[in-house]
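Observations on chain architecture
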Amino acid sequence: MTETRELPIQERAGQKPRKLVNVDVLVRDQQGRILLVGKPDWAMPGGAVPDGEAPREAARRLLHDQIALDRAPSRLLVVDYVTGEDRLDLVFDGGTIRAEDYPRFAFCDPSEAGERLPESGRPRLAAACEGLRFQVSRYLEDGTMLA
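Computed from a predicted structure; not experimentally measured. (Residues numbered from 1 in each chain as written. Predicted model: local features only at pLDDT ≥ 70, side-chain atom pairs only at ≥ 80, totals over all residues. Heavy atoms only, no water.)

A closer look at unusual backbone geometry
What counts here: Each helix corresponds to a stretch of at least 4 residues labelled H or I by DSSP, and each strand to a stretch of at least 2 residues labelled E; elements are numbered beginning at the N terminus.
Of note, the bond from Lys 39 into Pro 40 is cis; its omega dihedral lies within 30 degrees of zero at 10°. Relative to the helices and strands, Pro 40 is located in the loop between strand E2 (34-36) and strand E3 (46-48). Within the chain, Ala 68 stands out as a residue other than glycine whose phi angle is a positive 60°. Unlike most non-glycine residues, Asp 142 shows phi in positive territory, near 50°. With respect to the helices and strands, Asp 142 occurs in the loop between strand E7 (138-141) and strand E8 (144-145).

A look at the side chain of Glu 53
Quick note on the threshold: Contacts described as polar in this section are N or O atom pairs within 3.5 Å, which, within protein, must combine one atom able to donate a hydrogen with one able to accept it, while residues neighboring in sequence count only if both atoms come from side chains. When checking whether two residues touch, look at their non-hydrogen atoms; a contact exists if any pair is within 4.5 Å.
Tracing the backbone through its elements, the reader meets Glu 53 in the loop between E3 and helix H2 (55-67). A distance of 2.9 Å separates a polar atom in the side chain of Glu 53 from a polar atom in the side chain of Arg 61. The residues contacting Glu 53, other than those within four sequence positions of it, are Ala 58 and Arg 61.

Let's talk about the pairing of E7
Put simply, the rule reads: When DSSP finds at least two bridges between two strands, those strands are taken to pair.
The pairing of strand E4 (residues 76-82) with E7 spans four bridges and is parallel. Bridged to Tyr 81 within E7 is Glu 141. Sheet topology places E7 next to E8; two bridges connect them, and they run antiparallel. By the bridge assignment for E8, Glu 141 is matched with Thr 144.

Printed below as a string of structure tokens:
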């Protein structure tokens, strides 16, 4: 009989595929309008999480880099697994800010924000808004809410 042994986690990690991870941060003004950046390709603040950086810390860094807001996001609102890219898209709650302090950015009601986002981002935005409203986190796969 052949003996099998469990490899140390460091060795197993090198044998396993890695998932790509992106973060978005849902930031609103006092009226509940959503902040979007990057016209003409609108998006919530966010981007890719490099290896070795925690997703929440990446969200904080990206908020600072993209809108000069030095704040850690709070709750995780959405996890969306994108099967074709083997990627996790996470949406964190970035809290509220004063719109007048950020005149370079668009503030849109949720339906207008959804229209401006690429089609792939719309389900995450809807799930994030629902997560805020009901104080829950949502799990999606390819934009379809499963939990």
